[in-house]
Amino acid sequence: MGVDGFAVDLGGTKIAAARIENGTVAARLQAATDPGADIAAQIDRIAGMLEQLGFRHGDPLGVAVAGRVDATGRWHAVNRNTLRAISAAPLGEMLCARFGARSRALNDAAAAALAEARLGAGRGARNFAFLTISTGVGGGLVLDGRLVESRNGLAGHVGFASSRLAGDPCGSGRIGTVESVASGKAIAAAAGLPDGRAVFDGGRHPELIDRSAAAVAALIADLTAILGLDRVAIGGSIGLAAGYLPQVLAHLSREPDLFRPQVVRAGLTHDSGLIGGLLAALDPAPPPSA
Ligand code: BMX
């Protein structure tokens, strides 16, 4: 069965929509995410983009979203500062009603992990993690070829683990998370700039980029201690920015060998979430058992 259909990747900063043919993006649209929009407005935005791409009701559709999607298909922001109007929203149900029964929603980083494990940088790795350093810090864990999921949709949200480099409140309600120092939003807030990429592009505040890389390196070592990771792929607008991965590797090199898995760039780069969303729609794993 070919990987053919449509996908949407709704992140905290941008929405991408794509027509996918034989596992690669054939056409792609992108727009800014409205962080204050409710689910109806988010779905209307998605519908407009899909229509431009030639989507027809009933076509396979994967929708990868920032936030957690629980086993009932309800969508919840974990970082409530990123998506302010999304709480227990009936995403699965509304997607099926609007776009047909072959639509499927899941977390964006989990989708990307699935794509990287099957078709990208994770191929051949037994215990694999994908990390996105973007608006937030997201993750997906694929152990023995199976995506780690939980009924509440929280599994893989590694950005909300604690960091010794952090101490400020996080939009998740925790204090001192990896996301609160390493994400694009955290870097931008510390620099007083509109977004993390502006910090990169301006070449200012290298200490903030370095702190992000150090926090991500420590997270990788922690996850390796817990899960025995063989390989980690790094994606996301910050994760894929020139010079970022070498800084993560430099910090990771100070860890003992035992806690240093192979760390590489996401092979599918900015398309991981899109391709993973469609993979999930084409082969919907049964919801996690109770
Ligand atoms: C946050 C969280 C995750 C998401 C990650 C990356 C929200 C709204 N988001 O940790 O669900 O996977 O950010 O999201 O709770 P992105 O917007 O950077 O792609």
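About the criteria used
- Residues numbered from 1 in each chain as written.
- Predicted model: local features only at pLDDT ≥ 70, side-chain atom pairs only at ≥ 80, totals over all residues.
- Heavy atoms only, no water.
- Helix = DSSP H or I, 4+ residues; strand = E, 2+ residues; numbered from the N terminus.
- Buried < 20%, exposed > 50% of the residue type's maximum accessible area, 1.4 Å probe, protein only.
- Pairing = 2+ DSSP bridges.
- Domains from an automatic or database assignment.
- Contact = heavy atoms within 4.5 Å.
- Buried area = accessible area lost by both parts, 1.4 Å probe.
- Salt bridge = Lys/Arg side-chain N within 4 Å of Asp/Glu carboxyl O.
- Polar contact = N/O pair within 3.5 Å; in protein donor to acceptor, adjacent residues only side chain to side chain.
- Nonpolar A, V, L, I, M, F, W, Y, C, P; charged D, E, K, R; others polar.
- Near = heavy atom within 4 Å.
- Areas by Shrake-Rupley, 256 points an atom, 1.4 Å probe, with all protein chains shown as cover.

Undergrad: Looking at this structure, how should I read unusual backbone geometry?
TA: Note: most peptide bonds trans; most residues except glycine with negative phi. Positive phi values are uncommon outside glycine, yet Asp144 reaches one of about 55°. With respect to the element layout, Asp144 can be found in the loop between strand E9 (137-143) and strand E10 (146-147). In this structure, His205 is a non-glycine residue whose phi angle is positive, near 55°. As for its position among the elements, His205 is in the loop between helix H6 (196-202) and helix H7 (206-227). Among the residues examined, His205 registers a relative accessible area of 28% and is labelled partly exposed.

Undergrad: Looking at this structure, I do not really get the pairing of strand E1 (residues 5-10). What am I missing?
TA: Looking along a regular strand, one sees side chains alternate from face to face of the sheet. Most of E1 is tucked away: 6 of the 6 residues are buried. With burial as the criterion, each face of E1 is covered, one bearing Gly5, Ala7 and Asp9 and the other bearing Phe6, Val8 and Leu10. Both E1 and strand E2 (residues 14-21) contribute to a ladder of 6 bridges, which runs antiparallel. Bridge pairing in E2 links Leu10 to Ile15. Linking E1 back to E2 in an antiparallel pair, the connection comprises 3 residues. Inspection of the sheet shows E1 paired to strand E4 (residues 61-65) by 5 bridges, in the parallel sense. Its bridge partner being in E4, Val8 is matched across the sheet by Val63.

Undergrad: Teacher, can you tell me more about the domain arrangement of the protein chain here?
TA: Much of the literature gives interface size as the accessible area that the parts lose upon coming together. We note that the domain assignment places domain 1 (5-110 + 271-282) and domain 2 (122-267) within the protein chain. One C-alpha centre belongs to domain 1, the other to domain 2, and the line joining them spans 23 Å. Opposite the 19 residues of domain 1 that make contact, domain 2 presents 22 residues. In this assembly, domain 1 packs against domain 2 so that about 1400 Å² is buried in total across both faces, 53% of it on carbon and sulfur atoms. Linking domain 1 with domain 2 are 1 salt bridge, by the criterion used here. Notably, a salt bridge pairs Glu149 with Arg104, separated by 3.7 Å at the nearest N-O pair. Put simply, domain 1 and domain 2 have 6 residue pairs in polar contact (both at pLDDT 80 or more) between them. At the level of secondary structure, the elements contributing two or more residues to the side of domain 1 that touches domain 2 comprise strand E5 (68-69), strand E7 (103-107) and helix H3 (108-119). Looking at side-chain class alone, the side of domain 1 that touches domain 2 contains 6 nonpolar, 8 polar and 5 charged residues.

Undergrad: Help me understand the site of the ligand in this model?
TA: Around the ligand lies a shell of 18 residues, among which Gly12, Gly67, Asp108, Ser134 and Glu179 are the nearest. For the ligand, an oxygen atom lies 2.6 Å from a polar atom in the side chain of Ser134. Take Glu179: an N or O atom from its side chain is 2.5 Å from an oxygen atom of the ligand. Taken by itself the ligand offers 450 Å² of open surface, and the protein chains cover 96% of this. Its residues assigned to classes, the shell around the ligand comprises 5 nonpolar, 11 polar and 2 charged. When residues of the shell around the ligand are assigned to domains, at least three fall in each of domain 1 (5-110 + 271-282) and domain 2 (122-267).

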